[in-house]
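Structural description and commentary
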Amino acid sequence: MSSGTTPHRGDTMPRGGHVELEIEGMTCASCANRIERKLNKIDGVSATVNYATEKARVDIDDGVATDTLLEAVENAGYSARLPRRADAPAAQDDTQDDPTDALRLRLIISAVLSVPVIAMAMVPALQFTNWQWLSLTLAAPVVVWGAWPFHRAAWTNLKHATATMDTLISMGTLAALGWSVYALFWGTAGTPGMTHAFEFSVARTDGAANIYLEAAAGVTTFILAGRYFEARSKRRAGAALRALLELGAKDVAVLRDGVEIRIPTGELAVGDRFVVRPGEKVATDGTVVEGASAVDASMLTGESVPVEVGPDDRVVGATVNVGGRIVVRADRIGSDTQLAQMAQLVEDAQTGKAQAQRLADRISGVFVPIVIALAAATLGFWLGTGGSVSVAFTAAVAVLIIACPCALGLATPMALMVGTGRGAQLGILIKGAEVLESTRRVDTVVLDKTGTVTTGVMTLQDVIAADDEDHGDALRLAGALEDASEHPIARAIAEAAREKFGSLPATERFANVAGLGVEGVVDGRDVVVGRTRLLADRGQYLTPELERAARAAEEQGRTPVVIGWDGKARAVLVVADAVKPTSAEAVAQLRGLGLTPIMLTGDNAAAARAIATEVGIDEVIAEVLPEGKVDVITRLQSEGKVVAMIGDGVNDAAALAQADLGLAMGTGTDVAIEASDLTLVRGDLRAAVDAIRLARKTLSTIKGNLFWAFAYNVAALPLAAAGLLNPMLAGAAMAFSSVFVVSNSLRLRRFRSVAQ
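Note that this is a predicted model, so its numbers are computed, not measured. Every residue gets a number counted from 1 within its own chain, in the order that chain's sequence is written. For this predicted model, a pLDDT threshold of at least 70 governs which residues receive local features, and a threshold of 80 or more governs which side-chain atom pairs are given and counted, while totals over whole chains, interfaces and linings are taken from all residues. Here the side-chain values reflect all heavy atoms present in the structure, with hydrogen atoms and water set aside.

1. Concerning the UniProt feature "transmembrane region" (unreviewed entry) in the protein
Mapped onto this numbering, the UniProt entry annotates "transmembrane region" (unreviewed entry) at residues 105–125, 131–148, 168–189, 209–229, 363–383, 389–412, 706–722 and 728–746. Every helix listed is a DSSP run of H or I at least four residues long, and every strand listed is a run of E at least two residues long, numbered separately from the N terminus. As a span, residues 105–125 carries 86% helix and 0% strand, and end to end its C-alpha atoms are 31 Å apart. UniProt positions are given in the numbering used here, feature names are shortened, and annotations may be inferred rather than shown by experiment.

2. Structural notes on the sheet that holds strand 19 (residues 525–530)
Each strand in a sheet pairs with its neighbour through backbone hydrogen bonds, running either in the same direction (parallel) or in the opposite one (antiparallel). As summarised here, the arrangement of the 6 strands in space is 16-21-20-19-18-17, forming an open sheet in which the pairing is antiparallel. Two strands bound the open sheet, and with one partner strand each, they are strand 16 (454–465) and strand 17 (507–513). Strand-to-strand twist in this sheet, taken as the mean axis angle between neighbours without regard to direction, amounts to 20°. Should DSSP find at least two bridges between two strands, the strands are regarded as paired. Where strand 18 (residues 517–522) meets strand 19, 6 bridges bridge the pair, whose relative direction is antiparallel. The residue bridging Gly 517 from the neighbouring strand is Gly 530, located in strand 19. Axis lines are fitted to C-alpha atoms, over the contacting stretch for helices. Their N-to-C directions set the angle, which ranges from 0 to 180 degrees.

3. Describing the packing of helix 5 (residues 131–146) against helix 7 (residues 165–185)
Between helix 5 and helix 7, whose axes approach to 11 Å, the crossing angle comes to 150°. As the angle between them shows, helix 5 and helix 7 are arranged roughly antiparallel. The way helix 5 lies across helix 7 gives a crossing that is left-handed. Contacts between helix 5 and helix 7 involve Gln 132, Trp 133, Leu 136, Ala 140, Val 143 and Val 144 on the former and, on the latter, Thr 173, Leu 174, Leu 177, Val 181, Leu 184 and Phe 185. In the contact of helix 5 with helix 7, the residues fall into 10 nonpolar, 2 polar and no charged. Convention used here: angles under 35 degrees read as roughly parallel, angles over 145 as roughly antiparallel, angles from 65 to 115 as roughly perpendicular, and any remaining angle as oblique. Here is the rule for handedness: rotate from the far helix to the near one, and if that takes an anticlockwise turn smaller than a right angle the crossing is left-handed, while a clockwise turn gives right-handed. Only heavy atoms matter for contacts: two residues are in contact if any of them lie within 4.5 Å across the pair. We call Asp, Glu, Lys and Arg charged. Ala, Val, Leu, Ile, Met, Phe, Trp, Tyr, Cys and Pro are nonpolar, and the rest, Gly among them, are polar.

4. Structural notes on the packing of helix 5 against helix 6 (residues 148–159)
One can describe the packing of helix 5 onto helix 6 by two numbers: an axis separation of 5 Å at closest approach and a directional angle of 45°. One element, helix 5, and the other, helix 6, form an angle in the oblique class. Side by side, helix 5 and helix 6 meet where Val 143, Val 144, Trp 145 and Gly 146 of the first sit next to Trp 148, Pro 149 and His 151 of the second. Among the residues making up the contact of helix 5 with helix 6, the classes are represented as 5 nonpolar, 2 polar and no charged.

5. Here's the deal with the confidence of the model for the protein
When pLDDT is averaged along the protein, the result is 79; 82% of the residues meet or exceed 70. Taken together, the stretch residues 85–96 has pLDDT below 50 and engages in 5 contacts with residues farther than four places along the chain or on a different chain. pLDDT runs from 0 to 100 and stands for how confident the predictor is about each residue. Counting interchain partners and residues more than four positions distant, the pLDDT-below-50 stretch residues 352–357 has 20 contacts.

6. Re the pattern of salt bridges
For this analysis, a salt bridge means a side-chain nitrogen from Lys or Arg found within 4 Å of a carboxyl oxygen belonging to Asp or Glu. The full count for this structure, using the stated rule, is 25 salt bridges. The closest approach of N and O atoms between Glu 519 and Arg 538, which form a salt bridge, is 3.0 Å. You can see Glu 519 sitting in strand 18 and its partner Arg 538 sitting in the loop between helix 19 (532–537) and helix 20 (544–555), a full 19 residues away along the chain. By relative accessible area, which is 36% here, Arg 538 ends up partly exposed. Salt bridges here are not isolated pairs; linked through shared partners, they connect Glu 260, Arg 277, Glu 290 and Arg 325. Three labels apply to residues, based on accessible area from a 1.4 Å probe with only protein chains included: buried if under 20% of the type maximum, exposed if over 50%, partly exposed otherwise in between.

Pasting the structure below:
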């Protein structure tokens with residue numbers, strides 16, 4: 001192991017605590033289980049290893065050294081290192097090549113070399129004189145160099161007396177290559193003019209004329225393709241954390257001796273005072289010491305209405321100032337901020353997510369020992385019954401060759417390719433095969449409110465005018481006045497007015513009353529728009545009818561905005577985050593899939609209950625902070641529920657990662673999308689229904705493919721053991737199983753959306 005692989009070697013952990021290790025060299029979920037067992041054998045250690053994130057979370061008692069943990073991982077056949085310290089230089093990591101580049105190169109070269117080998121073996125017309133030697137020249141690099149990751153993993157498995165998919169691949173490809181080399185150099189397969197006749201006769205042969213190079217090269221290439229797409233998907237595991245940290249402000253205007261100085265956010269210190277202008281992000285968690293404004297915290301809290309802040313109010317880093325200029329005192333910086341803690345929540349949830357064991361690995365763990373035992377029994381039987389050594393070895397090697405099905409390499413990637421392609425057409429992005437296993441078992445779906453069930457944008461819902469007042473006048477005057485404001489509620493009213501009237505009259509003497517509303521002169525009238533308190537301060541009181549309308553709006557979780565002019569309150573404009581037109585239909589369809597819907601939101605309880613009632617959700621959990629959302633998901637899981645989470649905001653990211661199945665609305669933040677398992681490109685909640693249906697269908701297709709990929713070849717094992725397997729029968733079994741896998745996968749193209 002290189003020195004760069006295990007930084008901080010020699011560190012000890014004299015006190016109990018938590019250690020995180022980065023693991024290298026895992027090729028399947030079985031590897032994660034092996035490392036986990038090795039670590040848990042150490043006294044005072046409790047470890048969980050996650051294959052998807054390639055990390056181990058280790059809880060240790062007093063006196064356990066980190067050296068002990070690193071050595072245990074190495075003894076299991078893998079490498080480990082402690083994460084880079086926060087103060088360590090990151091330049092090397094920043095310039096590091098994409099780790100999937102080497103695998104992609106291996107795949108491309110193997111594919112280029114394999115295609116002619118397969119073509120010559122399967123098409124007799126291409127079998128020119130000495131074609132078999134060209135096949136050997138092309139296939140040997142594929143089996144030796146292209147399949148090297150499988151051979152290396154198989155050797156590790158052998159040292160630990162275990163078997164996985166890698167063992168099966170390595171064993172079958174090396175057996176096919178080895179026997180082909182024997183047949184070419186010491187048998188009759190190397191004779192000029194040798195051909196593989198296109199016939200399916202069953203006849204005993206000593207194998208000296210048979211080569212299996214197309215099987216060895218084809219299996220290697222197909223399974224390399226599957227591993228490449230898997231590795232590319234896995235590399236995205238840390239993208240959610242990078243995206244979270246990039247949400248914060250990059251620089252900040254700090255007040256030093258009354259002068260604004262622009263510095264990087266990382267140089268902020270606790271107690272520094274900094275300026276946040278309209279449209280800027282708050283640099284870090286702090287307390288407002290000067291000014292008043294509205295802060296859009298929906299990204300972090302899910303609260304759809306901007307929060308009014310003034311002196312002594314707390315603000316959170318990465319939220320957006322949508323009102324006036326404020327000065328903030330920094331209270332928490334770096335890893336202590338709410339944004340950094342949310343990043344840690346996402347990482348913890350990703351690392352702790354239940355491991356998705358590969359179907360192929362589970363089958364291989366049983367299948368490989370059986371095949372090896374059958375090959376050994378075949379060899380012993382023929383030698384024991386007086387057969388020649390050549391015939392005995394031919395039969396035994398044939399068992400190994402036929403047990404390595406070409407279709408096994410196609411089974412998962414082919415179904416995924418077709419399924420994800422069809423999903424993309426429907427606005428659904430599936431990140432990998434491992435996420436599909438949860439969809440079959442999901443029984444509870446947790447929905448965020450803002451941006452998921454609702455549009456996430458404030459819109460005008462209603463205008464209630466006092467007696468003898470015109471609704472149109474109220475909307476036109478309010479829209480004209482609010483058009484000069486940047487507040488989201490103001491924009492909702494202004495856009496509704498412009499949509500109805502086209503152009504709006506000009507506003508004179510516009511003034512913003514911090515935290516209360518706006519006033520000005522429109523069409524010669526003194527107009528006031530804002531909270532009830534603002535109009536009361538101007539001597540304009542609501543009539544009983546308007547009071548009832550405002551109270552009803554608040555009880556439904558909506559925002560009432562009052563307008564008055566010429567000394568009298570005239571109307572109440574009701575603004576709210578509108579429900580998406582298809583949300584109620586989508587909730588009903590989720591129930592039809594056997595799922596129990598629950599609304600989970602950071603918004604206030606009244607608004608959440610009103611929206612839930614409208615779309616048909618019975619259970620509502622409201623006013624929950626981001627870390628609280630993770631706790632809710634964990635509690636549901638501890639009750640035995642398999643949970644799907646649908647969300648769109650930064651505040652949903654950790655919960656999406658914690659859930660058994662995370663679905664992110666593509667109209668939401670990059671952080672939520674990266675932390676999820678499925679991304680819904682459309683803002684339509686019905687896409688979640690399609691996603692779960694398509695994921696379940698794709699998973700059932702993968703299982704069907706795996707079954708037949710094994711079944712065809714298992715059926716041929718008796719022929720191999722009996723010494724009756726010829727190259728065309730082997731090729732036919734592989735070709736037929738591959739054709740079935742492809743055609744079965746293509747049926748996913750007929751999948752239809754519930755909206756069609």
